[in-house]
Amino acid sequence: MLRVRRIEELSEPELKALLARSGEDIAQVLDYVRGIVEAVEAEGDGPILDWHRQLKEDIDPADLIASPKEIRAAYDRVDKKLVRALEKAGANISRFHQAQKDRPMWATENSPGVILGRMTVPLDSAGCYVPGGTAAYPSSVLMTVLPAKAAGVGRVIVTSPPGPGMAANPATLVAADLAGADLVLKVGGPWAIAGLALGTPTIPKVDKIVGPGNKYVTAAKLIVFGRVAIDSPAGPSEALILCDESADPDHLAWDFLSQAEHDPDAGAVLVSTSAGLAEEVLARINELAPGLPRQEQLSSSLSRNAHLLVARDLEEAVEFANLYAAEHLQIVTADPWALLPRIRHAGSIFLGPQAPVPVGDYASGTNHVLPTGQMARAFSGLSVDDFVKRPTFQYLTREGLASLKETVVTLAEAEGLPAHAGSIKARFK
């Protein structure tokens, strides 16, 4: 049962389990997924068609691609209110990611006659995986395609699992069209990842694959990494709410439940400096939860991965937040801006009582493809930076090279690389 605990009361095993979340064991499916990747590499479209034959018996390669006609027809099947919401959210997401763009090129004279610089070059192609099948996640289409477009990626491909008859979800198609995707594939799971990474007669090979997915998708991304770039590994969604007595317990209860309803493995944690507030939030959660749909997801998340914790003070609360390294960190305190510089590990940070996590999930403009499972200690959320490379360049005058001659020759000879030293010496004979 969900109950209020003090951080200082947690045993070492309890703390370890809390920090571990409910991360899926990818190792259990690696061999199975590796077999799929190897089959696609050897046989191309064949294994992909075989798997999707359960959706359409007489499937052929053309069925793997959403046609312009199917995309146009999707607009008639999607509520106009949803189309307008996608347009508004997309405009905000695009605006924020356009603002992230770096200078195309810069240079500095590092020492006399030695000019060094760096360029920002977009990828030629990117693949955006969007979960689907029985559900639609058009927001994930916007969150993956629009940063790639902002970066200037030459070709952006969306792939998402189709439904019966190889029909793509219409909301996914509309979102992909609004975002400017160049191609939409109706392929799901590790077959999609393998196709994008290796290329088949129907599926173009891409330079990078991004986007969330289940453990089979994540395993496939890890297997093909090295042949293609990927974003950070992702697991079940998670959020931590850091709050003090100034917060509204009703708002916090809704915020907590909005996280728990994601899926059975979702993690929801509240850390408060006020034990009384934490108890009020708990009482409100117990009132609201029974009346909500998605009871299977809620009951599993609340019983297995939800925690209400009390910190001695804001110092301990911040320390715990950095230790947890949440995908989403919500700070609802009297002065959230004062705490922001002290946050070191979080995927996306939501400041103040009017910035609940769902607004960032959908429409404020920040990205919802974020690192989970403490990966925020080393990874950032998806951004324009994920779709560019930054090669460096240098130009030296003869005087500039002369100033470095002795240093380079000495280091090269010390490392037993005489040709390295020779390439410098030859220029001064």
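Let us look at the structure shown here. (Residues numbered from 1 in each chain as written. Predicted model: local features only at pLDDT ≥ 70, side-chain atom pairs only at ≥ 80, totals over all residues. Heavy atoms only, no water.)

1. Topic: the packing of aromatic side chains
Evaluation of the coordinates by the stated rule reveals three aromatic pairs. Judged by centre distance (4.2 Å) and plane angle (10 degrees), the rings of Trp51 and Trp191 are stacked. With Trp51 in helix α3 (residues 45-52) and Trp191 in helix α8 (residues 189-198), this pair connects stretches of sequence that are 140 residues apart. Judged by its relative accessible area of 8%, Trp191 is buried. Seen in terms of ring centroids, Phe320 and Tyr324 are 6.3 Å apart; in terms of plane orientation they differ by 20 degrees. Their pairing is stacked. One end of the pair is Phe320 and the other is Tyr324, both in helix α13 (residues 314-324) and four residues apart, which spans about a single turn. With a relative accessible area of 3%, Phe320 lands in the buried category. By relative accessible area, Tyr324 is classed as buried at 1%. (Phe/Tyr/Trp six-rings, centres within 6.5 Å; stacked < 30°, edge-to-face > 60°. Helix = DSSP H or I, 4+ residues; strand = E, 2+ residues; numbered from the N terminus. Buried < 20%, exposed > 50% of the residue type's maximum accessible area, 1.4 Å probe, protein only.)

2. Brief notes about the packing of helix α4 (residues 68-77) against helix α7 (residues 170-179)
Contact geometry of α4 with α7 gives a least axis separation of 8 Å together with a crossing angle of 115 degrees. When the axes of α4 and α7 are compared, the pair comes out roughly perpendicular. Note on packing geometry: the crossing formed by α4 with α7 is left-handed. In this structure, α4 contributes Glu70, Ile71, Ala74, Tyr75 and Arg77 to the contact, and α7 contributes Pro170, Leu173, Val174, Asp177 and Leu178. Looking at the contact of α4 with α7 residue by residue, the classes come out as seven nonpolar, no polar and three charged. (Axes fitted to C-alpha atoms, helices over the stretch in contact; angles between N-to-C directions. Parallel < 35°, antiparallel > 145°, perpendicular 65-115°, else oblique. Left-handed = near helix turned anticlockwise from the far one by under 90°. Contact = heavy atoms within 4.5 Å. Nonpolar A, V, L, I, M, F, W, Y, C, P; charged D, E, K, R; others polar.)

3. With respect to α8
Judged by how many residues are buried, α8 sits mostly within the fold: ten of ten residues are covered. Among all positions in α8, only Gly189, Pro190, Trp191, Ala192, Ile193, Ala194, Gly195, Leu196, Ala197 and Leu198 are buried. Downstream of α8 by one or two residues, Gly199 has phi in the positive range, about 80 degrees.

4. So, the environment of Gln100
Take Gln100: it is sitting in the loop between α5 (80-98) and β2 (105-111). For Gln100, a relative accessible area of 23% puts it in the partly exposed group. When the C-alpha atoms of Gln100 and Asp385 are compared, they prove to be 7.9 Å apart, with 285 residues separating the residues in sequence. Leaving out residues up to four positions away in the same chain, Gln100 has contacts with Ser383 and Val384.

5. Focus: the environment of Leu123
Note that Leu123 resides in the loop between β4 (121-122) and β5 (125-129). Once the C-alpha coordinates of Leu123 and Ala260 are considered, the two residues, 137 residues apart in sequence, prove to be 36 Å apart. Aside from chain neighbours lying at most four places away, what touches Leu123 is Gly152, Val153, Gly154, Asp207, Lys208, Asp386, Phe387, Val388 and Lys389.

6. Thoughts on the nonpolar core
A general trend in soluble globular proteins is that nonpolar side chains are found buried together. By size, the foremost hydrophobic cluster in this structure holds 37 residues, and its most contacted members are Val141, Leu142, Val145, Val153, Val158, Leu173 and Phe387. Contributing elements (two or more residues each) for this core: α4, α5, β5, α6 (138-151), β6 (155-159) and α7. Here the element with the most residues in this core is α6; it accounts for eight residues. Once residues lying within four places of it in the same chain are set aside, the contact partners of Val145 are Cys128, Val156, Val158, Ala179, Gly180 and Ala181. Counting 31 residues, the second-largest nonpolar core is a separate cluster that includes Ile59, Met166, Leu185 and Val206. (Core = buried A, V, L, I, M, F, W, Y, C linked by side-chain atoms within 4.5 Å.)

7. Some remarks on the sheet that holds strand β10 (residues 238-243)
Pairing is parallel in the open sheet, where six strands are placed in the order β1-β12-β11-β10-β13-β14. A single partner strand is all that each edge strand has here, and the edge strands are β1 (4-6) and β14 (348-351). Strand-to-strand twist across the sheet, computed as the mean angle between neighbouring axes with direction ignored, equals 20 degrees. Summarising the sheet, strand β11 (residues 267-272) and strand β12 (residues 306-310) pair through five bridges and their orientation is parallel. Paired with Val271 across the bridge in β12 is Leu309. Sheet contacts for α13: β10, β11, β12 and β13 (328-332); angle to β10, the most-contacted strand, approximately 170 degrees. (Pairing = 2+ DSSP bridges.)

8. Observations regarding the side chain of Arg5
Relative to the assigned elements, Arg5 resides in strand β1. Within polar-contact distance, the side chain of Arg5 engages the side chain of Glu14 at 3.1 Å. The residues touching Arg5, leaving out its near neighbours within four places in the chain, are Leu10, Glu14, Leu308, Leu309 and Val310. (Polar contact = N/O pair within 3.5 Å; in protein donor to acceptor, adjacent residues only side chain to side chain.)

9. Points about the sheet that holds strand β7 (residues 183-185)
Read from one edge to the other, the open sheet built from five strands follows the order β7-β6-β5-β8-β9, with strand pairing classed as parallel. Among the strands making up the open sheet, the edge pair consists of β7 and β9 (229-230). Note: β6 against β7, three bridges, orientation parallel. Each residue of the ladder has a partner; that of Thr159, found in β7, is Leu185. Along the sheet face, α8 touches β5, β6, β7 and β8 (208-210) and points at about 180 degrees away from the line of β5.

10. Things to note about the pairing of strand β16 (residues 392-396)
Little of β16 is tucked away: zero of the five residues are buried. In this sheet, β16 lies alongside strand β3 (residues 114-119) in antiparallel orientation, the contact comprising five bridges. Bridged to Ile115 within β16 is Tyr395.

11. Quick word on the pattern of salt bridges
The tally for this structure, following the rule as stated, stands at 19 salt bridges. Glu70 is the partner of Lys186 in a salt bridge, and the nearest nitrogen-oxygen pair spans 2.9 Å. One end of the pair, Lys186, is in the loop between β7 and α8; the other, Glu70, is in helix α4, with 116 residues separating them in the sequence. Of the residues examined, Lys186 reaches a relative accessible area of 6% and is grouped as buried. In this structure, a network of salt bridges that share partners links the residues Glu8, Arg312 and Glu316. (Salt bridge = Lys/Arg side-chain N within 4 Å of Asp/Glu carboxyl O.)

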